[in-house]
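Close look at the chain arrangement
Take a look at the letters that make up each chain.
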Amino acid sequence: MRQGATLPENSIRILGIDPGLRTTGFGIIDASGQTRRYVASGCIKSGEGSLPERLGVLLEGITAICAQHQPDCAAIEQVFVNVNPQSTLLLGQARGALIAGLVLAKLPVAEYTALQVKQAVVGNGHAAKEQVSHMVQRLLSLAGEPQADAADALACALTHANHATGGLASVGMKSRRGRWVSIPK
């Protein structure tokens, strides 16, 4: 059993990541069966330096988080293509630095679309950020709503917990083309 944990030994520690070049949210939960326990959350801020410096800050930050909290696996939100291709490319580079840090920490990495995360946590793939934050607060019994980026990262971790422990499959859902759909009977 993990030090200070109240979950059984078969629990898994999941690091969720909401990637961003300026601000990357992270959230860590322990999951065992249908039980979810909040461990930590926060943000890595890369500052205003050059792109390589900012990517280095993200890599160092995720490496330190992995060393401190020793997750068993990680879940990261996939990049969506937005109106500005330059922003998409920069976000992809930030995501790459974060994934490199996770791979260096020898963690298996799962990827989920924003639509999948919102569906898994709120039940609606087009939910507003406030709805996601509120549901994260309720699902993890938090005293207050976490920061927006940290809430998204915790939602990503919750999505993986549901997927990794068979939660979504057990209620007849599977992933298809970036969204959760019902499994035909």
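Up top you'll find the structure we're talking about.
Residues numbered from 1 in each chain as written. Predicted model: local features only at pLDDT ≥ 70, side-chain atom pairs only at ≥ 80, totals over all residues. Heavy atoms only, no water.

Quick word on the overall build of the protein chain
- The helix and strand tally for the protein chain stands at six helices and seven strands.
- Helices and strands in the protein chain line up, N terminus first, as β-β-β-α-β-α-β-α-α-α-α-β-β.
- Out of the 185 residues in the protein chain, the part that is buried amounts to 46%.
- In the protein chain, the proportion of contacts linking residues at least 24 apart, taken out of those at least 6 apart, comes to 58%.
- For the protein chain, the computed accessible surface area is about 9400 Å², with 54% contributed by carbon and sulfur atoms. (Helix = DSSP H or I, 4+ residues; strand = E, 2+ residues; numbered from the N terminus. Buried < 20%, exposed > 50% of the residue type's maximum accessible area, 1.4 Å probe, protein only. Contact = heavy atoms within 4.5 Å. Areas by Shrake-Rupley, 256 points an atom, 1.4 Å probe, with all protein chains shown as cover.)

A short note on the pairing of strand E3 (residues 35–45)
- Direction of pairing for strand E2 (residues 23–32) relative to E3: antiparallel, over a ladder of ten bridges. Across the sheet, Thr 23 pairs through a bridge with Lys 45, a residue of E3.
- Hairpin connection from E2 to E3: two residues lie between these consecutive antiparallel strands, with Gly 33 at a positive phi of about 60 degrees. (Pairing = 2+ DSSP bridges.)

A short note on the pattern of salt bridges
- Inspection of every chain in the model, using the stated rule, returns five salt bridges.
- Notably, a salt bridge pairs Arg 37 with Asp 30, separated by 2.7 Å at the nearest N-O pair.
- When the shortest N-O distance is used, the salt bridge between Asp 152 and Lys 129 registers 2.2 Å. Taken together, the residues span a long stretch of sequence, with Asp 152 in helix H5 (residues 148–164) and Lys 129 in helix H4 (residues 129–139) at a distance of 23 residues. (Salt bridge = Lys/Arg side-chain N within 4 Å of Asp/Glu carboxyl O.)

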